[in-house]
Amino acid sequence: MAVEKIHVYFMPGMAANPSIFKNILLPKEKFQCHLLEWFVPERGISLQDYAKEMCKKITHEVPILIGVSFGGVLVQEMAKYLQVKKVIIVSSIKSESELPRKMRVARYTKIHKLLPTGLVNNVELMAKYAFGERVNKRLKLYEEYLSIRDKRYMDWALDTMVNWKQSGVLEDIVHIHGDKDPVFPIKNIKDCIKVPNGTHTMIIHRAKWFNERLPAIILE
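Criteria and thresholds
Residues numbered from 1 in each chain as written. Predicted model: local features only at pLDDT ≥ 70, side-chain atom pairs only at ≥ 80, totals over all residues. Heavy atoms only, no water. Phe/Tyr/Trp six-rings, centres within 6.5 Å; stacked < 30°, edge-to-face > 60°. Helix = DSSP H or I, 4+ residues; strand = E, 2+ residues; numbered from the N terminus. Buried < 20%, exposed > 50% of the residue type's maximum accessible area, 1.4 Å probe, protein only. Salt bridge = Lys/Arg side-chain N within 4 Å of Asp/Glu carboxyl O.

A. Geometry of the packing of aromatic side chains. Tallied over the full model, the rule gives nine aromatic pairs. Ring centres 6.3 Å apart and planes at 45 degrees place the aromatic pair tyrosine 153 and tryptophan 156 in the tilted group. With tyrosine 153 and tryptophan 156 both in helix α6 (residues 151–162) and three residues apart, the pair spans about one turn of that helix. For the residue pair tyrosine 153 and tryptophan 156, the accessibility class agrees, reading buried in each case. With centroids separated by 5.1 Å and ring planes inclined at 75 degrees, the aromatic side chains of tryptophan 209 and phenylalanine 210 adopt a geometry described as edge-to-face. For tryptophan 209, a relative accessible area of 9% corresponds to the buried category.

B. Broad picture of unusual backbone geometry. Of note in this structure, alanine 15 is not a glycine but carries a positive phi near 70 degrees. Phi is positive for aspartate 191, which is not a glycine, with a value near 50 degrees. Assignment of secondary structure puts aspartate 191 in the loop between β5 (174–178) and β6 (193–195). In this structure aspartate 191 comes out as exposed when scored by relative accessible area, which is 73%.

C. Main features of the pattern of salt bridges. For the structure on display, the rule yields eight salt bridges. The partner of aspartate 155 in a salt bridge is lysine 151, with the nearest N and O atoms 2.9 Å apart. On the criterion of helical spacing, the pair formed by aspartate 155 and lysine 151 is a turn pair, its members being four residues apart in helix α6. With a relative accessible area of 33%, aspartate 155 lands in the partly exposed category. When its relative accessible area of 42% is taken as the criterion, lysine 151 is described as partly exposed. Connected through shared salt-bridge partners, Lys208, Glu212 and Arg213 make up one network.

Next up, the structure:
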């Protein structure tokens, strides 16, 4: 008798494509993995309406949602319109209180609107926005991962992240966070599974850590 598999949907971070999960390997006898992708938003769309559109891509009942960074914010919004088994966020935040000071300042000064998002083909600049790090030594790697090169998407994503309003925390959410994350510093993060020396890109560079622990985290 075949064992019914757990369906796990992965949402990448800002401007990233699903290849960031290529080294995440869950046991195939227990899990079936599905990769979600960003689409360019219509002008003026809210995060809530974007989440509703993304929910249409979920084709299994009571799935696991896993989101990285801004993708972690999106899966939390999606969970408000779906019945899910569990939401797991990586290198992300659970509420606006976990936003770093520079993003809270940007909310009121609108300084993020002055960022040169038109330079979406500048991979180094994109990596700074999306991953919070310089990429000189890994330029080809990030050219593969950061494929959403659309100014409208970048403007929307940055503004939506800065202005995300969630004061409470979703029930039973699991938060995995690196203690060396430069985008969302660990000092602002509460109640998380801490990854020693984990950076904002640890889903890529620390795949072994996730492969060893994710199955148990999903099942517990």
